[in-house]
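Working through the structure, step by step
Take a look at the letters that make up each chain.
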Amino acid sequence: MTALFTLERLTKYLPEQPEQPLFSGITAQITAGERITLLGASGQGKSTLMRIMSLLETSDSGSIALDGKPSSAWQAKDWRKQVCYVAQQAVMLPGSVEANLRTVSNLHSIPFEKELAAQLMEAVGLSRIDWTRPAGDLSGGEKQRVALVRALLLHPRLLLLDEVTASLDPGSKQEVERLLLSWSEREHTAYLWVTHDLAQAAEVSDTVWFMAEGRLLETSGTADFFSEPSTDQARSFIHRESAQGGVADE
Ligand SMILES: Nc1ncnc2c1ncn2[C@@H]1O[C@H](COP(=O)(O)OP(=O)(O)OP(=O)(O)O)[C@@H](O)[C@H]1O
């Protein structure tokens with residue numbers, strides 16, 4: 001199957017660490033509809049990798065491509081219509097909840113699907129939110145869910161999800177997980193989802209990417225990753241995270 005998205009030997013240095021890359025040699029592929037969780041300890045560069053994949057940052061070497069066409073050959077706006085990053089700290093634009101939901105249709109000159117927006121808001125537990133409210137007044141968890149709905153209204157082919165349930169209570173977290181699973185099934189949307197919750201990773205992904213020591217150490221089927229990780233680093237990561245409560249229930 002032709003890859004939707006490819007990463008080829010990506011390397012990123014940080015200004016404060018010119019002697020050692022944050023990560024290097026990251027090569028991987030994502031196929032249409034693939035559900036991946038990106039795991040790894042804090043500070044491995046998972047958010048940075050997703051920011052590079054959504055053209056919000058550049059790598060120092062290597063390349064990324066969408067449909068086999070390198071990022072340099074794309075207009076950033078066209079790329080971001082298909083590859084949508086949902087940040088950990090949701091950014092609301094000035095204006096109402098509805099204005100935020102309408103953002104992508106205004107930006108990309110596509111019709112605003114009001115009924116779908118209402119269905120998605122309900123699916124993430126926000127059916128009672130008054131759309132005329134200033135979006136800036138919402139709680140962190142509400143903002144996070146509005147940002148997710150806003151991203152889905154774009155119908156991207158690849159969603160880059162950065163700890164998108166981190167500020168949610170368990171019930172809302174489950175609603176979001178269910179929505180994303182059914183959305184990816186229905187729309188054939190791929191996602192790369194950063195999470196520190198191993199039970200969530202087991203639930204929502206078919207593939208795990210594991211970053212450690214500045215490299216993408218494993219790309220495995222989720223069940224295999226948890227039952228038979230191929231590296232010592234992954235074994236101790238799973239052990240450590242499980243001890244802290246993020247137990248994968250497979
Ligand atoms: N623009 C930047 N300038 C300087 N340092 C940065 C920049 N972006 C990220 N970093 C540093 O790079 C490292 C990796 O950050 P990043 O947020 O990508 O990691 P992460 O794996 O997503 O971490 P977490 O799981 O805690 O969210 C951190 O030490 C961070 O402080």
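Notes on the structure follow.

Calculation criteria
- Residues numbered from 1 in each chain as written.
- Predicted model: local features only at pLDDT ≥ 70, side-chain atom pairs only at ≥ 80, totals over all residues.
- Heavy atoms only, no water.
- Helix = DSSP H or I, 4+ residues; strand = E, 2+ residues; numbered from the N terminus.
- Rg over C-alpha atoms; globule rule 2.2 N^0.38 Å.
- Buried < 20%, exposed > 50% of the residue type's maximum accessible area, 1.4 Å probe, protein only.
- Contact = heavy atoms within 4.5 Å.
- Areas by Shrake-Rupley, 256 points an atom, 1.4 Å probe, with all protein chains shown as cover.
- Lys, Arg positive; Asp, Glu negative; His and termini not counted.
- Charge placed at Lys NZ, Arg CZ, Asp CG, Glu CD.
- Pairing = 2+ DSSP bridges.
- Axes fitted to C-alpha atoms, helices over the stretch in contact; angles between N-to-C directions.
- Core = buried A, V, L, I, M, F, W, Y, C linked by side-chain atoms within 4.5 Å.
- Phe/Tyr/Trp six-rings, centres within 6.5 Å; stacked < 30°, edge-to-face > 60°.

Within the protein chain, the secondary structure is distributed over nine helices and 10 strands. Rg of the C-alpha trace for the protein chain: 18 Å, near the compact-globule value of 18 Å for 250 residues, within the 12% margin. Looking at the 250 residues of the protein chain, the share that counts as buried comes to 50%. Expressed as a percentage of contacts within the protein chain between residues at least 6 apart in sequence, the contacts between residues at least 24 apart total 67%. With an accessible surface of roughly 11,600 Å², the protein chain has 47% of that area assigned to carbon and sulfur atoms. Charge-centre separation for the protein chain: the mean point of 23 positive side chains lies 6 Å from the mean point of 33 negative side chains.

Let us now look at the sheet that holds strand β3 (residues 35–40). Spatially, six strands are ordered β6-β7-β8-β3-β9-β10 in an open sheet, and the strand pairing comes out mixed. Two strands close off the open sheet at either side, each with one partner strand: β6 (83–86) and β10 (215–221). Put simply, the sheet's adjacent strands are angled 15° from each other on average, direction ignored. Relative to strand β7 (residues 158–162), β6 is paired through four bridges, and the arrangement is parallel. Looking at β7, one finds that Val86 is bridged to Leu161. Packing against the sheet, helix α6 (residues 170–187) makes contact with β3, β7 and β8 (190–194), and its axis sits at approximately 155° to β8. Set on the sheet, helix α9 (residues 232–243) makes contact with β3, β9 (207–212) and β10; between it and β9 the angle comes to about 100°.

Ranked by size, the top nonpolar core spans 36 residues in total, and within it Leu101, Met121, Leu153, Leu159, Leu161 and Leu180 carry the most contacts. Among the secondary structure elements, those contributing two or more residues to this core are β6, α3 (97–108), α4 (114–123), α5 (140–152), β7, α6 and β8. With six residues, α5 is the single largest residue contributor to this core. With 29 residues, the next largest nonpolar core counts Leu49, Trp74, Val194 and Met211 among its residues.

What follows deals with the packing of aromatic side chains. Scanning the model with the defined rule gives six aromatic pairs in all. With a centroid separation of 5.6 Å and an interplanar angle of 70°, the aromatic rings of Phe5 and Trp79 are classed as edge-to-face. Here Phe5 is found in strand β1 (residues 5–12), whereas its partner Trp79 is found in helix α2 (residues 76–82), with 74 residues between them in sequence. Ring geometry for Phe210 against Phe237: centres 5.1 Å apart, planes inclined by 50°, an arrangement best described as tilted.

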